[in-house]
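This is what each chain is made of:
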Amino acid sequence: MKISSHVVIAALLLFAFTSAAFAETSRHEALLPAHGLLIGGVSLAGVGLGDSPAAVELVWGTNHTTCSDCRLRTWFFVYPDRPVGAAVTFDRGGRVVAVFTLGQPLGWRTQKGLWLGAEIHSLTAKYDATSMEFRGCVGYSALSTRAGDVVTSIYTQAESVYGFALTLRGQPVCQ
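The rules behind each value
Residues numbered from 1 in each chain as written. Predicted model: local features only at pLDDT ≥ 70, side-chain atom pairs only at ≥ 80, totals over all residues. Heavy atoms only, no water. 1 Å grid on protein atoms, 1.4 Å probe; cavity = no way out; pocket = protein on both sides within 12 Å on 5 of 7 lines; lining within 4 Å. Points joined across faces, edges and corners; volume = space filled by probe spheres on them. Helix = DSSP H or I, 4+ residues; strand = E, 2+ residues; numbered from the N terminus. Nonpolar A, V, L, I, M, F, W, Y, C, P; charged D, E, K, R; others polar. Salt bridge = Lys/Arg side-chain N within 4 Å of Asp/Glu carboxyl O. Buried < 20%, exposed > 50% of the residue type's maximum accessible area, 1.4 Å probe, protein only. Pairing = 2+ DSSP bridges. Disulfide = S-S within 2.5 Å.

Participant: Mind laying out the layout of surface pockets, listing which residues take part and the relevant values?
Facilitator: Its volume calculated, the largest pocket comes out at about 160 Å³. Secondary-structure elements contributing two or more residues to the lining of the largest pocket are β9 (133-137) and β10 (140-147). For the lining of the largest pocket, the class distribution of residues is 3 nonpolar, 4 polar and 4 charged.

Participant: Outline the pattern of salt bridges, listing residues and values.
Facilitator: In total, this model carries 3 salt bridges according to the counting rule given. Of the charged contacts in the structure, one is a salt bridge between Arg 82 and Asp 81, with a shortest N-O distance of 3.9 Å. Two residues, Arg 135 and Glu 133, come together in a salt bridge whose shortest N-O distance is 3.2 Å. What makes Glu 133 partly exposed here is its relative accessible area of 49%.

Participant: Would you mind going over the sheet that holds strand β2 (residues 43-44) in detail, with residue names and values included?
Facilitator: One open sheet holds the 4 strands; their spatial order is β3-β2-β1-β8, and the pairing between them is mixed. Single-partner strands in this sheet number two, and they are β3 (47-48) and β8 (109-110). Here 2 bridges tie strand β1 (residues 37-39) to β8, and the two strands are oriented parallel to one another. Bridging across to β8, Leu 38 finds its partner in Thr 110.

Participant: Got a sec to walk through the state of the cysteines? Specific residues and values, please.
Facilitator: Evaluation of the coordinates by the stated rule reveals 2 disulfides. Shown here is the disulfide that connects Cys 67 with Cys 70, its sulfur atoms set 2.1 Å apart. Handedness of the Cys 67-Cys 70 disulfide follows from its S-S torsion of about 85°: it is right-handed. With relative accessibility at 16%, the residue Cys 67 sits in the buried group. Classification of Cys 70 by relative accessible area gives partly exposed; the value is 31%. Disulfide partner of Cys 137: Cys 174, at an S-S distance of 1.9 Å. Residues Cys 137 and Cys 174 are joined through a disulfide that is left-handed, its torsion about the S-S bond being -75°.

Okay, structure coming up:
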């Protein structure tokens, strides 16, 4: 039985195109999550202090911009449909020393159920604000607690919860 070379070539092309299509659909690009979770002293939306750039990109993807005016390398991750998101700052050794929200990405919360956008009384109902250190930042305030070398901050603006941050002790709380 003789098989035409045209049939073999067509079969090979079909195999190549379907393999490429399956490979394309099986690839997964990580993205900044729509619903980030702050686990105090541990992580923000899956990124923790000490993480490498590769670890951050594994969790949040590669769609970031680099701050040109920042003292340390800082990546901004912004949602494509709204001007809010999150950022990470790396030390000179390439490890995360700060992870924080940019603007007020609605849908983010703490492990205690404090949502961004919530009224300030929700913060005081879930956290002992009297044990938190207050810091005035430009345009917002930070209420922070420290556990070991990790500072967990809840940002407020006017009468609402505005953002979250984890910073290594010695890094600025106001990001």
